[in-house]
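An overview of the molecular structure
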Protein chains: 2
Amino acid sequence: MSASSASVHPVEETPATDVGDVAPIVSMKNIEGMPGTRGGLALRCFQLGFAAAAFGVMAASSDFASVSAFSYLVAAAGLQGLWSFFLAVLDIYALLVKRNLHNRPIVTFFAVGDGITTTLTFAAACACAGITVLIDNDLDLCSVNKCVQLQSATAMAFLCWLTTLPSFFFNFWSLASR
Amino acid sequence: MSASSASVHPVEETPATDVGDVAPIVSMKNIEGMPGTRGGLALRCFQLGFAAAAFGVMAASSDFASVSAFSYLVAAAGLQGLWSFFLAVLDIYALLVKRNLHNRPIVTFFAVGDGITTTLTFAAACACAGITVLIDNDLDLCSVNKCVQLQSATAMAFLCWLTTLPSFFFNFWSLASR
């Protein structure tokens, strides 16, 4: 008597699709350098450092109050420092709680803020550069004025601007590429 | 004898899809203000006008050669004027032959060029602003120097920068939003 042998064939299990699944929140690409990333935090730290240096060196010079451009650099570097500090704190918070900061209103706010502060810092740096070049090269009055101090503060402001530009472009790019 | 009446129902004609159709060339959005549009041409004309005015007014001042920032403004306004003239001619050509200038390499070239010229123009305007404010407000030496002429050239350079910014942002935005 021959019994029919039952053969078992494995069946591929198809993944269950739950119709009730919540759709993922639309978020932007997580590029290193964006808010809430380590690169973004590093950029903010550099900005803060250079802004603080420009602020300190210029404020310590004896004649910053008598020249409008030097006072303006102190104000612009102060504003840039505060903005970068605020965003560095936000970045640390986002990294600690693993929160994504890449939704549209937040990135728009960051892009506008970065755009304003970077323009103000660059304007102040250029105004001070114009005056230091006038004093040093054109009038040769560095014996009277502390040129090295003024030039150092101007250089710090330019470096601050250079480190703010990537933050601005990252935010602007991710805003446009949605 | 009853004859069956044949009723005629209109059938909606479906558009013929030709498989051999050439796929449309990938192009960016045609926003007014982009290269090859009337808005873009208007922006270039404004830039050219303000750059020429800044160049002419500053070059006509007696002491522009003795101050580095004033010489730099003349150079920056000259470069900006040439760039805007070149792009205005390209816009006129594109409008006349109805050619689309919105492919990626061209827009990248325009965005980089606009970025460089707008930064140089803004830097020159800020440097001159710093010096004119120093002469006028801080040192009160307007009786010796032609302040109105210097301030007019600086204001023209700022207006030139303001009209270059939209061109840059249009190009940058369309580059990012592809």
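Given the structure is predicted, the values throughout are model-derived calculations rather than measurements.

1. Digging into the nonpolar core
- Core analysis: the largest hydrophobic core is formed by 40 residues, its most contacted members being M58(A), L73(A), I131(A), M58(B), L73(B) and I131(B).
- Looking at this core, the elements with two or more residues in it are α1 (38-60), α2 (68-96), α3 (104-138) and α4 (147-176) of chain A together with α1 (38-60), α2 (68-96), α3 (104-138) and α4 (147-176) of chain B.
- Membership of the second largest hydrophobic core comes to eight residues, among which are F122(A), C126(A), A123(B) and C126(B).

2. Some words on the environment of V67(A)
- Turning to its location among the elements, V67(A) is positioned in the loop between α1 and α2.
- Taking the C-alpha atoms as reference points, V67(A) and A94(A), separated by 27 residues in sequence, lie 41 Å from one another.
- Setting aside residues up to four positions removed in sequence, V67(A) forms contacts with I131(A), L134(B) and D138(B).

3. Considerations on unusual backbone geometry
Residue and element names in this part refer to chain A.
- In this structure, K98 takes a positive phi of about 55° despite not being glycine.
- Inspection of the secondary structure puts K98 in the loop between α2 and α3.
- Owing to a relative accessible area of 74%, K98 belongs among the exposed residues under this scheme.

4. A word on the relation of the copies chain B and chain A
- With an RMSD of 0.0 Å, chain B superimposes on chain A once it is rotated by 180° and translated 0.0 Å along the axis. Expressed as a symmetry operation, the mapping of one chain copy onto the other fits a two-fold axis.

5. So, the interface of chain B and chain A
- Counting residues at the interface gives 22 residues for chain B, matched by 22 residues for chain A.
- Regarding the contact of chain B and chain A, the summed buried area is about 1800 Å², with carbon and sulfur atoms giving 81% of it.
- Taken as a group, F172(B), W173(B) and A176(B) account for 27% of the area that chain B buries against chain A, more than any other trio of residues on that side.
- Where chain B packs against chain A, one counts zero salt bridges.

6. Here's the deal with the packing of α3(A) against α3(B)
- Between α3(A) and α3(B), the shortest axis-to-axis distance is 7 Å and the interhelical angle comes to 60°. Taken together, the axis directions place α3(A) and α3(B) in an arrangement best described as oblique. α3(A) and α3(B) meet at a crossing whose hand is right-handed. For the pair α3(A) and α3(B), contact is made by T119(A), F122(A), A123(A), C126(A), A127(A), G130(A), I131(A) and L134(A) and by T119(B), F122(B), A123(B), C126(B), A127(B), G130(B), I131(B) and L134(B), respectively.

Rules used throughout
- The residue numbers shown here count from 1 along each chain, following its written sequence.
- As a convention, the first chain written is A and the first ligand written is 1, with the rest following in written order.
- Totals for whole chains, interfaces and linings use all residues, but because this is a predicted model, local features are given only for residues with pLDDT of at least 70 and pairs of side-chain atoms are given and counted only at 80 or more.
- Heavy atoms from the whole structure form the basis of all side-chain values; hydrogens and water molecules are not counted.
- Joining through side-chain atoms within 4.5 Å is the link that ties buried Ala, Val, Leu, Ile, Met, Phe, Trp, Tyr and Cys residues into a set, and such a set is a nonpolar core.
- Under the scheme applied here, a residue whose accessible area is under 20% of the maximum for its type counts as buried, over 50% as exposed, and between as partly exposed, the area being computed with a 1.4 Å probe on protein chains only.
- Each helix is a run of H or I in the DSSP string that is no shorter than four residues. Each strand is a run of E no shorter than two, and both are numbered from the N terminus.
- Pairs of residues are marked as contacts when any of their non-hydrogen atoms sit within 4.5 Å.
- We place the copies in one frame by least squares, fitting the C-alpha atoms of every residue whose pLDDT is at least 70 in both.
- By buried area we mean the combined loss of accessible area, with a 1.4 Å probe, across both parts when two parts are placed together.
- The term salt bridge refers to a side-chain nitrogen of Lys or Arg lying within 4 Å of a carboxyl oxygen of Asp or Glu.
- Here, axes are lines fitted to C-alpha atoms. For helices the fit covers the stretch in contact, and angles between N-to-C directions go from 0 to 180 degrees.
- Roughly parallel here means an angle under 35 degrees, roughly antiparallel means over 145, roughly perpendicular means 65 to 115, and every remaining angle is called oblique.
- By convention, the crossing between two helices is left-handed when the near helix turns anticlockwise from the far helix through less than a right angle, and right-handed when the turn is clockwise.

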